[in-house]
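Spelled out from the first residue to the last, the chains are:
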Amino acid sequence: MPLPAPRGPLSTALLAHLTAPGSAGTPQDLLGAARAAARTDDVLRDEDVQLSLLALYELSYRGLAGVDDALEWDLDLLRVRQVLEEPFERAVRDLVDVPAAEPGDVAETLFRMAAEDDGPGLSRYLARRADLEQYREFLTHRSVYHLKEADPHTWAIPRLAGPVKAALVEVQSDEYGGGRADRMHAALFARTMRALGLDDTYGALVDRVPAITLATTNAMSMFGLHRRLRGAVVGHLAVFEMTSSIPNRFYGNGLRRLGFDADATWFFDEHVEADAVHEQIAGRDLAGGLVRREPHLTGDVLFGAAACLALDGLVAAHVLERWEQGRSSLRDPS
């Protein structure tokens, strides 16, 4: 990923440390900056915190341009990440109401949560009203996740066993194109970006994306990178798949309304079909199977699902509010 521009004192110090360790002071100075940033009143919308978390997590994905790969396991950076993750996880937990359910009822509870979700109607707005520039903004928001689509959830594979692992691999195999690079969902999303005149380089548009959007991907990374949160990443994936087919149909219809062809809508059309199947596997075999094996993870599975719905809802509300005001939903990187 190209090195992003800093958004505050912590990210300034962190990015300097990543490119030239020691140039921003001692490790204790960096840790002190993290502790100061972590005291923010709204960690989910704090630009400095969320960008810093994204950069730290990226060390475990494809890395950052000009940054030594060995820093992925740098103990000082891991301490900084821990300082930021504690209030971040707390804020996500405070955001959601986790329904009570018995392990045997988890799949049906997840389907009910997905069906009852009445978040902002962003997909309908895009289908019926959005203009080309608004579609470009929408894709810019989504690019932070979709250009690495499936990777955060894939961290869960080695943390699972037996039929539960097999269910996750079945879903993820489709996400990665069944072994065909040109059919990987990240590659299909890049095609859509190119069709709308956007730079599809991995991470190229991060500087335009606000903190609340970064928080959605950071939550996936946090769930996936912590074994103790394996239930949460499974629940997140399950409800992510359950709430995908209908919105993606709207997204594709909106692009067709604007005159785009099947190549541009391929990503969305693929999800209409694939996720109708994935939701059953993810809900019953993956999430349901996990809590049958590990009943104590029931609450974590439902927490991950609730977090997915709530965070996506915050992003949609932000985008729609800005558009209704006649404003861009993106940041001005200048």
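Coordinates for the structure precede this section.
Residues numbered from 1 in each chain as written. Predicted model: local features only at pLDDT ≥ 70, side-chain atom pairs only at ≥ 80, totals over all residues. Heavy atoms only, no water.

**Q** Quick rundown of the packing of aromatic side chains? Include the residues and the values.
**A** Under the definition given, this model contains 9 aromatic pairs. Relative to Tyr 251, the ring of Phe 138 lies with its centre 4.7 Å away and its plane at 45°, an arrangement referred to as tilted. Of this pair, Phe 138 sits in helix 7 (residues 132-146) while Tyr 251 sits in helix 13 (residues 245-257), placing them 113 residues apart in sequence. Relative accessible area serves as the criterion here: at 3%, Phe 138 is assigned to the buried category. Given a relative accessible area of 5%, Tyr 251 falls into the buried group. When the centroid spacing of 5.2 Å and the interplanar angle of 80° are considered together, the rings of Phe 267 and Phe 268 count as edge-to-face. Grouping residues by exposure puts Phe 267 and Phe 268 together as buried. The structure contains a cluster of three or more aromatic residues connected by ring pairs, namely Tyr 135, Phe 138, Phe 189, Tyr 251, Phe 267 and Phe 268. Here Arg 62 stacks its cationic end above the ring of Tyr 202, 3.8 Å away from the centre of that ring. (Phe/Tyr/Trp six-rings, centres within 6.5 Å; stacked < 30°, edge-to-face > 60°. Helix = DSSP H or I, 4+ residues; strand = E, 2+ residues; numbered from the N terminus. Buried < 20%, exposed > 50% of the residue type's maximum accessible area, 1.4 Å probe, protein only. Lys NZ or Arg CZ within 6 Å of the ring centre and 35° of its normal.)

**Q** Describe in detail a negative patch on the surface, supporting the description with residues and values.
**A** The grouping of Glu 116, Asp 117, Asp 118 and Asp 312 at the surface amounts to a negative patch. Among the residues examined, Glu 116 registers a relative accessible area of 55% and is labelled exposed. (Patch = residues over 30% accessible without salt bridge, like charges linked within 9 Å, V, L, I, M, F, W, Y side chains within 5 Å. Areas by Shrake-Rupley, 256 points an atom, 1.4 Å probe, with all protein chains shown as cover. Salt bridge = Lys/Arg side-chain N within 4 Å of Asp/Glu carboxyl O. Lys, Arg positive; Asp, Glu negative; His and termini not counted. Charge placed at Lys NZ, Arg CZ, Asp CG, Glu CD.)

**Q** Describe the layout of surface pockets, and please don't skip the residues or the numbers.
**A** Estimates place the volume of the largest pocket at around 990 Å³. For the lining of the largest pocket, the elements supplying multiple residues, two or more each, are helix 5 (106-116), helix 6 (122-128), helix 7, helix 11 (211-225), helix 12 (230-242), helix 13, helix 14 (262-293) and helix 15 (298-324). No other element matches helix 15, which puts 6 residues into the lining of the largest pocket. Tallied by class, residues from the lining of the largest pocket come to 18 nonpolar, 14 polar and 6 charged. The set of elements that each furnish at least two residues to the lining of the second largest pocket consists of helix 5 and helix 15. For the lining of the second largest pocket, the element with the highest residue contribution is helix 5, accounting for 4 residues. Considered class by class, the residues forming the lining of the second largest pocket number 7 nonpolar, 1 polar and 5 charged. (1 Å grid on protein atoms, 1.4 Å probe; cavity = no way out; pocket = protein on both sides within 12 Å on 5 of 7 lines; lining within 4 Å. Points joined across faces, edges and corners; volume = space filled by probe spheres on them. Nonpolar A, V, L, I, M, F, W, Y, C, P; charged D, E, K, R; others polar.)

**Q** Which residues make up the environment of Ala 36, and what are the values?
**A** Within the secondary structure layout, Ala 36 lies in helix 2 (residues 27-38). Expressed as a C-alpha distance, the spacing of Ala 36 and Leu 14, which sit 22 residues apart in the sequence, is 13 Å.

**Q** How would you sum up the nonpolar core? Please name residues and give values.
**A** Formed by 109 residues in total, the largest nonpolar core has its most connected members in Leu 18, Leu 84, Leu 110, Phe 138 and Leu 286. If we ignore the near neighbours within four places in the chain, the residues touching Leu 110 are Ala 238, Val 239, Met 242, Ala 287, Val 301, Leu 302 and Ala 305. (Core = buried A, V, L, I, M, F, W, Y, C linked by side-chain atoms within 4.5 Å. Contact = heavy atoms within 4.5 Å.)

**Q** Give a description of the packing of helix 4 (residues 75-95) against helix 11 that names residues and reports values.
**A** Helix-helix packing is described using two parameters, namely the angle between the two axes and the distance between the axes. As a packed pair, helix 4 and helix 11 sit with axes 12 Å apart at the nearest point and diverge in direction by 110°. Compared by their axis directions, helix 4 and helix 11 come out roughly perpendicular. Between helix 4 and helix 11, the contacting residues are Arg 81, Glu 85, Phe 88 and Glu 89 on the first element and Ala 215, Asn 218, Ala 219, Met 222 and Leu 225 on the second. Taken together, the residues that form the contact of helix 4 with helix 11 break down as 5 nonpolar, 1 polar and 3 charged. (Axes fitted to C-alpha atoms, helices over the stretch in contact; angles between N-to-C directions. Parallel < 35°, antiparallel > 145°, perpendicular 65-115°, else oblique.)

**Q** Give a description of the packing of helix 4 against helix 15 that names residues and reports values.
**A** Running from N to C, helix 4 and helix 15 point in directions that differ by 85°, and their axes come no closer than 9 Å. By the angle class used here, helix 4 and helix 15 are roughly perpendicular. Contacts between helix 4 and helix 15 involve Val 92, Arg 93 and Leu 95 on the former and, on the latter, Asp 300, Phe 303, Ala 307, Ala 310, Leu 311 and Leu 314. Split by residue class, the contact of helix 4 with helix 15 holds 7 nonpolar, no polar and 2 charged.

**Q** How would you explain the pattern of salt bridges if you had to name every residue and give the values?
**A** All told, the structure shown has 17 salt bridges when counted by the stated rule. The salt bridge involving Arg 180 is made with Asp 182; its shortest N-O contact spans 3.3 Å. Classification of Asp 182 as partly exposed rests on a relative accessible area of 37%. Notably, a salt bridge pairs Glu 270 with Arg 183, separated by 3.8 Å at the nearest N-O pair. With Glu 270 in helix 14 and Arg 183 in the loop between helix 9 (162-175) and helix 10 (185-195), this residue pair connects regions lying 87 residues apart in the sequence.

**Q** I'd like a rundown of empty space enclosed by the protein, residues and numbers included.
**A** Applying the stated criterion across every chain, the model contains 3 cavities of 30 Å³ or more. If you add up the space inside the largest cavity, you get close to 50 Å³. Lining the largest cavity, in full, are Leu 56, Leu 59, Ser 60, Leu 71, Glu 72, Leu 77, Leu 78 and Arg 81. Here the lining of the largest cavity takes 3 residues from helix 4, the largest share from any one element.

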